[in-house]
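The primary structure of each chain is shown beneath.
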Amino acid sequence: MQDILSIDFGKAFTKIVLIKAQRGGSFRLLAYSLLKNNPAKNLDDVESFISAFIKEHNISQKQIRITISDAEAFIIKYLSLPSVPRDEMQQALRWQLKNELSFQVEEAVLEWQVARIFTDEDGAKKEEIMCALLKRGLIKKYLDFLSRLGLAVERLSVSPFNYASILKCSQGQEKIAAILDIGFAESCLGIYRDKILGFSRNLGFSSERLTQMITGTLMTDKGKLELSYSDAQLIKHNFGIPEDENVVLKDNLKFIHLVSLMRPYLEGVLRELKRSFDYYAAMTKGAGPAVLYLCGGGGQLKNLDKYLSKELNMEVKLLALPACLEVSGDLAGRFQEEWATYASCVGVALAHEKEANLLPQEERSRGFELLEKLSLRMIAVALAAVFLFLFFVANFRADDYRKRLKNAQLYRQNVEGIRVFKEAIETRQGLMNKVREGKIPAHGFLKTISAAVPDTVFLKRMVFDQEKHIAVLEGNILVAEASAEDVLSNFIQNLEKYPFFKEVTLVNSQKNNSVQEFQIQAELAG
């Protein structure tokens, strides 16, 4: 299965995750990282950050998914319209929105999804539509930037839509749920009916704002106390919202001294949440959310969930890892603590193909063309690999057949040698039989022949004519043709030395199929 590279361009951070899609609709986290910067103002550091991540993890995947989490960069609108055919919805929405935007609607990419279908009091069928708009100029900026890195975007989304993908992979069964993303520089609230976005609103508080509010000079019963920015960050991380007002935070500083500075922030959060929930209930003429999930860096503030749950009189808890995402090994413990910061980035990686996609249509077509080219290249590579494999198989089989042929030739030569040897034995046995029938003592005659025959002469046949007193010797000479005459001459001379032979004559000597054959006739002593 393929790897999914997801990048989240936020107002203060750039986040990146690498996730592997597995069989059965599950996913596995491979790596993640974060860079503190403002990508809207400076992309140089982001370029180095992304390039280093790709190199470190040896990523070959060029198709990526991105999220723009800067709330000032996108607009989400709620519209209620009579039902219209799907191919006419885009035009109807643009017409409805043209007087509600501070810019021309043609300047933006518009993506929409149906939040709810209902029947109004007059019996007319209507649809609640959630629209997202992102300016084309901003989209082009990020696409051109990523193109320089050799990356092609296949999906572009915004955080409120991404959290819907998280909910769809989770096990919660609440009919209506809210997600509050408290980021470093801004916050966003989304309300989801049946895990589909039905309401979205940017809120005027953030994690950084709380840090700034508790930084500075404090008056205590011990006098003035200065809290630096790093002190404020440390108190937030270690204590959050202490349940005991008398807990000592630093030196003589107790939470009761700090609560007056935190109270405006916390009351502002409560006020905005209550207003949003009431507005949603009135808009839909139904109930508000049953549960509030917290995410983002500010959502992990200690005891914030308990504080909001008590004040809002509803269930509030941290957004849990989606059930479909597997995190194991060294990543497990660390990512469990940090995951809420990466929730939106993970959400776009988990998004189904039919989820909202703000990538311009022409870029999607270009992506399909790129995918087709990549597919053709992969097919060409696969065919080349197949032909190369067949070539190697053919060569292997040819070598195998050559070896078999060579072995067969050796076997044939061995069989031929055995056949010749067998004929020689049969010839000798026949000779012995013939000698036994004649007048010449067999033992003495054979002993004479054995002593006279040199190592380079192989006798094949002997003929004795007792009445004519002659013997015929036929055989092969096992030396080169140039030396054959000397071998025969020596052989004849050796035979003439023995008393059994009166005269020895060379009848014939010729080469037959690279073998020098001879025939000798000897007159026997009588």
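See the structure above.
Summary of the structure given here. The structure displayed is predicted, hence computed values, not measured ones. (Residues numbered from 1 in each chain as written. Predicted model: local features only at pLDDT ≥ 70, side-chain atom pairs only at ≥ 80, totals over all residues. Heavy atoms only, no water.)

Quick look at the overall build of the protein now. Summing up its helical and strand segments, the protein has 13 helices and 22 strands in all. Relative to a compact globule of 526 residues, whose C-alpha radius of gyration would be 24 Å, the protein shows 49 Å and is clearly more extended. If you line up the protein on its principal axes, its C-alpha atoms span 150 × 65 × 40 Å. When each of the 526 residues of the protein is scored for burial, the buried share is 43%. (Helix = DSSP H or I, 4+ residues; strand = E, 2+ residues; numbered from the N terminus. Rg over C-alpha atoms; globule rule 2.2 N^0.38 Å. Buried < 20%, exposed > 50% of the residue type's maximum accessible area, 1.4 Å probe, protein only.)

Spatial strand order, E8-E4-E1-E2-E3-E18: six strands in an open sheet with mixed pairing. Each of the sheet's edge strands pairs with one partner strand only, and the pair in question is strand E8 (152-157) and strand E18 (325-326). Note: strand E4 (residues 63-68) against E8, five bridges, orientation parallel. For Ile64, the partnering residue across the bridge sits in E8 and is Val153. Set on the sheet, helix H3 (residues 136-148) makes contact with strand E1 (3-9), E4 and E8; between it and E4 the angle comes to about 145°. (Pairing = 2+ DSSP bridges. Contact = heavy atoms within 4.5 Å. Axes fitted to C-alpha atoms, helices over the stretch in contact; angles between N-to-C directions.)

So, on to the pattern of salt bridges. A complete count under the given rule lists 17 salt bridges for this structure. Here Glu272 makes a salt bridge to Arg275, at a shortest N to O gap of 3.7 Å. Of the two residues, Glu272 and Arg275 both sit in helix H7 (residues 255-284), three residues apart, roughly one turn of that helix. Since its relative accessible area comes to 16%, Glu272 is described here as buried. The class for Arg275 is partly exposed, based on a relative accessible area of 45%. (Salt bridge = Lys/Arg side-chain N within 4 Å of Asp/Glu carboxyl O.)

Let's shift gears to the sheet that holds strand E7 (residues 125-135). In spatial order, the strands read E5-E7-E6; together these three strands make up an open sheet with antiparallel pairing. Edge positions in the sheet fall to strand E5 (74-82) and strand E6 (108-119), since each has one partner strand and no second. Each adjacent strand pair in this sheet contributes to an overall mean axis angle of 20°, direction not counted. Sheet topology places E6 next to E7; eleven bridges connect them, and they run antiparallel. Each residue of the ladder has a partner; that of Leu110, found in E7, is Leu133.

Time to look at the nonpolar core. Judged by nonpolar contacts, the single largest core of 72 residues is most densely connected at Ile50, Leu146 and Val346. Apart from residues lying up to four places away in sequence, Val346 is in contact with Val17, Ile19, Ile166, Leu325, Phe335 and Trp339. Counting residues in each nonpolar core, the second largest holds 39 residues, with Leu266, Leu270, Leu304 and Leu308 among its members. (Core = buried A, V, L, I, M, F, W, Y, C linked by side-chain atoms within 4.5 Å.)

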